[in-house]
Amino acid sequence: MRHFYIFKINPSVEKVFKNHPYEVFRTLECLYYRQEDDIYLGDCLVRQLIFPLAMKDLDIKLFKKFKNNYFYMKYKNVHSLHDFYRKESTTLYLHKTFLKLDTNVIKPCFLKELQEYAHLFVCDFESKDYFWLDTFKLSAVFI
């Protein structure tokens, strides 16, 4: 099971680090593993690096897209897709500053819908995997 965190990065930061995603990943990783005594420093860095997401718009858009899918479920800000034919089990949690995507496949269906949003950076801290969502190829995804 993979656990992806998706952040909307400040456009000026993206412009500088678009070709150097490791620098963004390393900064976010430091924030992810930060100790409680460093919360103030982490909060200041988060406010400069990460922008809030349009959570309500995204929630409505995902619901409209998948509501007729037999394998789709939604409860509050949690969207789930458990497709037995594609062998996909994916859950997307919507938060104000990030999205958390738990999945068992490489190219989950929700990523295709998120590609329309700009400045999204995806990382899996446990597997040390990271990428800009707009550069990720999703051509093999079928809905």
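### Description of the nonpolar core
The tendency in soluble globular proteins is for nonpolar side chains to be buried as a group.
Then, in step 1: Membership of the largest hydrophobic core comes to 22 residues, with the highest contact counts inside it found for Ile6, Leu99, Phe110, Leu114 and Leu133.
Then, in step 2: Mapped by element, the contributors of at least two residues to this core are β1 (2–9), α4 (55–66), β5 (88–94), β6 (98–103), α5 (109–114) and β7 (120–124).
Then, in step 3: Setting aside anything within four residues of it in sequence, one finds isoleucine 6 in contact with Phe98, Leu99, Leu101, Leu111, Leu114, Leu120, Phe121 and Val122.
Then, in step 4: By size, the runner-up hydrophobic cluster in this structure holds 14 residues, among which are Phe7, Ile9, Phe25 and Trp132.

### Description of the confidence of the model for the protein
Then, in step 1: For the protein, per-residue confidence averages 87 on the pLDDT scale, and residues scoring 70 or more make up 90% of the total.
Then, in step 2: Contacts of residues 139–143 to residues separated by more than four positions or lying in other chains number eleven contacts, the stretch itself having pLDDT below 50.

### Observations regarding helix α2 (residues 21–32)
Spacing of three or four residues puts side chains on the same side of an α-helix, whose turn is 3.6 residues.
Then, in step 1: Taking 1.5 Å as the rise per residue, α2 with twelve residues should run 16 Å; its terminal C-alpha atoms sit 16 Å apart, in good agreement.
Then, in step 2: Among the residues making up α2, those that are buried are Val24, Phe25, Leu28, Glu29 and Leu31. Buried residues of α2 fall within an arc of 155° about the axis and therefore sit on the same side.

Parameters at a glance
- Residues numbered from 1 in each chain as written.
- Predicted model: local features only at pLDDT ≥ 70, side-chain atom pairs only at ≥ 80, totals over all residues.
- Heavy atoms only, no water.
- Core = buried A, V, L, I, M, F, W, Y, C linked by side-chain atoms within 4.5 Å.
- Buried < 20%, exposed > 50% of the residue type's maximum accessible area, 1.4 Å probe, protein only.
- Helix = DSSP H or I, 4+ residues; strand = E, 2+ residues; numbered from the N terminus.
- Contact = heavy atoms within 4.5 Å.
- pLDDT = per-residue confidence, 0-100.
- Expected span 1.5 Å × (residues − 1).
- Arc of directions from axis to C-beta.

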